[in-house]
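Single-letter residue listing:
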Amino acid sequence: MTNNKKSIRVEIDTYRDGEKTIIEYVFEKRELGERPMALDVLLQAQAKKIPDLAFRFGCRARNCGVCTIDINGRPRIACRTRVREGDRLSPIATLPILSDLVVRRDGIARQLRNRLPTNSQANELNVEAPEEYHQLTKCIECYACLDNCPMHARNFTRGKPTDTTKPPSDTQQGYRWGNPFTLLKLQRVRMDPLTTTTVRESAVDTAIMLGLESCIKCPGCKCGVGINLKGVVIKPLLEAANNSGRIPPE
Amino acid sequence: MVEVRKTIAITWLNYDVIVVGSGGAGAHAAHAAASLGSQVLVVSKDPIGASDTKISEGIATVRASGAVDDSETELSTNLQMAGGDLPLRSITNAFAADSEHAYDLYRVNGLRPSIDTERNKPLSLPLPLGGHTKRRSVGHENCGVAFSHANWQIILQGQNITYIEDAWFLDLAVRKSPNKNEHGHSINEVVGGLIYHAANGELLAVRASAIVLAAGGVSTLYFPKTDTMRGNTGDSYAIAARAGAELVDMEQLQFLPFCLASPPSYEGLLAGEPVTASFLGVLRDKSGKVILDGVYLRTRAECSAAIMRAVEKGDGTENNGAFLDMTANKKAPLSGAYFEKFLATCLPSAYQNVRQALSKKAGRCEEPWEVRPAAHYMMGGIRVDADGASVGGPNGDGVRTKGIKGLFAAGQSMGGLFGANRLGSTSLTEGAVFGARAGRAAAAYSRNSDTTQNVDLIFKPLIATHSQFFGQNGTLSATAIRLALQEESWNKIGPVRTARRLQEMETNLKKWRAKLYKIKTSSSTTWNQSFIDLQELRNMLDAAGLILASAYERTDSLGGHVRLDGKQISSFATPYSVIVRSISDGTYVARRVIRPRTALKKIISYKIQEQKRLLMARWIRLLPKGIQDKILLKRYQAIMGEDLKAQETFPGAPEAAIGELTKP
Ligand SMILES: Cc1cc2nc3c(=O)[nH]c(=O)nc-3n(C[C@H](O)[C@H](O)[C@H](O)COP(=O)(O)OP(=O)(O)OC[C@H]3O[C@@H](n4cnc5c(N)ncnc54)[C@H](O)[C@@H]3O)c2cc1C
Ligand code: SF4
Ligand code: SF4
Ligand code: FES
């Protein structure tokens, strides 16, 4: 059993100035039977072997959403995913790499810049939001959902940024095509009881502009913290787009 | 291989106001300044919004939300007394005045609390949180994450707001103004700041006449014994101190008493608060001896002190903590079920941590929890007035003409609001209230100042210093020094202190500081981790120096920490705050300023109440089990409703009180 072993061997993909090196690291357990999280392994590797290893983390408690990495090629929240012998840790494959396990994230949020008006005219704030609304503010912005999203893939010539993809130089604009996260943000505005009809409609327009039609035949998104994206984000947006006749029915 | 030393590109920019940080304080400052027409740059080293605000329990103080008679004076006095009379009246008054509506900006941007339809206000938790004298704490679905969605909205959709993330604000550019203050001394004024944009691989030299520091706290100095975000490396304090600003109450750190001590992945994360111990919870040392009873009525500080004293005596548990024993609550045949429900609902994320980290039996409270304090919040900070403007000078409140002109602070960065103790749920509101105040003041100031003309020379030395840190030759790593610093900070300037330990810390700090220029860094310009590590280490060293210099002046125990070689400062003693500043690289000077004390009558009546409540708690514990159980059943039902329904309104309260007030 792996559990009785005193150590766990993993591989960490590191990238510096466009060059990739795979480093083997042997995690030494700190207690009998310890089952470390991926983040524990990275912290120990930094303390003992690679002092300038670059990776993101914040809360260690699955709240801040910044520590997402790929483990064996699938996006995982590093502070809450246990590693096993032989696991491969690498930066998430859906965004361009800055260094080691750190990817450039800001092109995602920026695509909604100035496209989601705030209800600044709201004069009656004391309204209750429906339960579904609170499903949407569960999102911790971990970007695990970019994995396997055909809409997001349209941003890159070969579907994914390559190891050497340079981040776009003018990042003030953000990516052209959308993703589950930005659609969730649009749907949040639509579900907010204070949103005006005009803004609600413009949110659907924005979703269509970002490539909503990719969702029609897509088997659906997976959320890192378990939000039912298909049910609470994609379906209602597609329905709204269908109803307005701007997108063919499913 | 010969390393070719690259030079880093420098881009010059102009803004009216720079806001450092994208948590609650930063977002509110940016919004306020932009609304007054300022061009605002928000700079954040973490991805936009990723901050303590985002990972918080999401409970905010909204004055008058739960009680009609919750006046401004009531709340201001509450903060004042809780803080041991260290807070400034002008600042607690400002908090009390604005805390009814400052939070509305969150709501305009999508934060949706439950509504108390009778009162047409956000629904507050059913009882006052620990230390509050009134019901005024509002909980939210999805905790801090819901606040973060609103901050994201404020920053991303804001007119006149530009933002950059993955960008480290390094230092303020300050010049001695040709103008003199009324005492004939020259005035220091902000002319901009230098930023490392890691994602773009460049330095940004930004000319701006006003800067709001909203860059959070310093708990990472104690990592892994902390529950906060990694980015809390004391940047606000270090940056302000290096520019010559004064800071206040920097020895006052808040430690949460009941955090996890093991397993390692969970070390430091929150397990419970005093109130979760409920009526029968006690603290025990390793041999099972009760070291603190009536836990649910105690402050965070008292519980931390009890645990740390036991550890110091050699009576600590395996991982240097104590046992929080709540098994008596659980065993009671009638009230036990209510306790269980209470525990599971009043603090869901903390309880989740416990169930994941500890044994099944511990999860069901059939076994004590091993707990240990962890760093949570810096109650001191940059010395400011009620509008967040940097102040200085000998008198209690300080004056702007002796501060750094154009420098503002808000949120955890600022001092003067909480003094020796922060009440639960006040910090999210602090960000909204003082973020908005500082943002407005910064916009007004920048409109009337022309400090961005001919200032490029002032940036020169800054650019030179920081360029040196790229591709620095050396043999040491910042990581190794940081790890040593973190361990020593816990032992010497943490929850337990002595004069001797402070001196040892001073020696260590000198040694580490000397090593800063012997750290090897890479010359990469894009996301240079070794450069970032060096910068953050430098900030942590400065912050530790400020804490240390202030701790020397606090010779007895007060607030967040215990002085083993001193006595407990009584509420009747003359209160004083410690003011600290840096006079040269690595040298800090501290002095005391006397604070006015709350009227004796108030303190005495408060003390009597406190004793009464503690006696009551003891009396209940000593009753025969059967009678005890019946009394407790009634109490739980009064709070939670017989059908256990009322607690559905406890969305993650860290200190959702069960019955009595805990004392300030
Ligand atoms: C687990 C937990 C639970 C809590 N629960 C509650 C609660 O329920 N109620 C309550 O009122 N309070 C609570 N608090 C406290 C509260 O969350 C924080 O004190 C408050 O959010 C601080 O807000 P802020 O805006 O000052 O700083 P933060 O929200 O921490 O934001 C700091 C920002 O500054 C940035 N930054 C830092 N340094 C730099 C730099 N050099 N350059 C650029 N950017 C920088 C960071 O990236 C971040 O964006 C809790 C805290 C924790 C840790
Ligand atoms: S359903 Fe739409 S958003 Fe979700 S993964 Fe598919 S294309 Fe992407
Ligand atoms: S929708 Fe889910 S997976 Fe996507 S960013 Fe939000 S939390 Fe992460
Ligand atoms: S470190 Fe915050 S989610 Fe993992």
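The model shown is predicted, which means the values in this text are computed figures rather than measured ones. (Residues numbered from 1 in each chain as written. Chains lettered and ligands numbered in written order. Predicted model: local features only at pLDDT ≥ 70, side-chain atom pairs only at ≥ 80, totals over all residues. Heavy atoms only, no water.)

K.L.:
Looking at this model, I keep getting lost on the overall build of chain B. Mind explaining?
P.N.:
Helix and strand content of chain B: 19 helices and 25 strands. Viewed in the frame of its principal axes, chain B has a C-alpha envelope of about 80 × 55 × 45 Å. Within the span of chain B, comprising 664 residues, buried residues form 66% of the whole. In chain B, the share of contacts with a sequence separation of at least 24, taken over all contacts with a separation of at least 6, comes to 76%. Considering chain B, the positive charge centre built from 77 side chains and the negative charge centre built from 64 side chains are found 4 Å apart. (Helix = DSSP H or I, 4+ residues; strand = E, 2+ residues; numbered from the N terminus. Buried < 20%, exposed > 50% of the residue type's maximum accessible area, 1.4 Å probe, protein only. Contact = heavy atoms within 4.5 Å. Lys, Arg positive; Asp, Glu negative; His and termini not counted. Charge placed at Lys NZ, Arg CZ, Asp CG, Glu CD.)

K.L.:
Would you mind going over the confidence of the model for chain B with me for this structure?
P.N.:
Interpretation of this model should avoid reading the predicted coordinates in detail wherever pLDDT is low. Residue and element names in this part refer to chain B. This prediction gives chain B a mean pLDDT of 91; 95% of its residues lie at or above 70. In this model residues 645–664 is a low-confidence stretch, pLDDT under 50, and it forms 92 contacts with partners more than four residues away in sequence or in other chains. Across the whole predicted complex the pTM is 0.95, and at the interface the ipTM reaches 0.96. (pLDDT = per-residue confidence, 0-100.)

K.L.:
Would you mind going over the site of ligand 2 with me for this structure?
P.N.:
Every residue near ligand 2 is listed here: C149, P150, M151, P180, L183, S214, C215, C218, C221 and I234 of chain A. Of the residues belonging to the shell around ligand 2, the class tally is 9 nonpolar, 1 polar and no charged. (Near = heavy atom within 4 Å. Nonpolar A, V, L, I, M, F, W, Y, C, P; charged D, E, K, R; others polar.)

K.L.:
It is not clear to me how the environment of G201 of chain B should be interpreted in this structure. Could you clarify?
P.N.:
Residues and elements named next belong to chain B. Residue position: G201 is located in the loop between β10 (186–197) and β11 (202–207). Owing to a relative accessible area of 9%, G201 belongs among the buried residues under this scheme. Apart from the residues within four sequence positions on either side, G201 is in contact with I8, T525 and T526.

K.L.:
So what exactly am I meant to see when it comes to the site of ligand 3 here?
P.N.:
All residues adjacent to ligand 3 are C139, I140, E141, C142, Y143, A144, C145, C223, G224, V225 and L229 of chain A. For the shell around ligand 3, the class distribution of residues is 9 nonpolar, 1 polar and 1 charged.

K.L.:
Any chance you could explain the interface of chain B and chain A here in plain terms?
P.N.:
Often, the extent of an interface is quoted as the loss of accessible area on bringing the components together. At the junction of the two partners, chain B supplies 65 residues and chain A supplies 66 residues. Taken as a group, R112, H149 and W152 of chain B account for 14% of the area that chain B buries against chain A, more than any other trio of residues on that side. Remark: the boundary between chain B and chain A carries 2 salt bridges. With a shortest N-O distance of 2.8 Å, R56 of chain A and D166 of chain B are connected by a salt bridge. At the boundary of chain B and chain A, one finds 36 residue pairs in polar contact (both at pLDDT 80 or more). Counting only elements with at least two residues in the side of chain B that touches chain A, the list comes to α2 (52–55), α5 (104–108), β6 (121–122), α6 (143–157), β8 (161–165), α11 (348–357), α15 (478–493) and α17 (529–553) of chain B. For the side of chain B that touches chain A, the element with the most residues is α6 of chain B, which contributes 8 residues. (Buried area = accessible area lost by both parts, 1.4 Å probe. Salt bridge = Lys/Arg side-chain N within 4 Å of Asp/Glu carboxyl O. Polar contact = N/O pair within 3.5 Å; in protein donor to acceptor, adjacent residues only side chain to side chain.)

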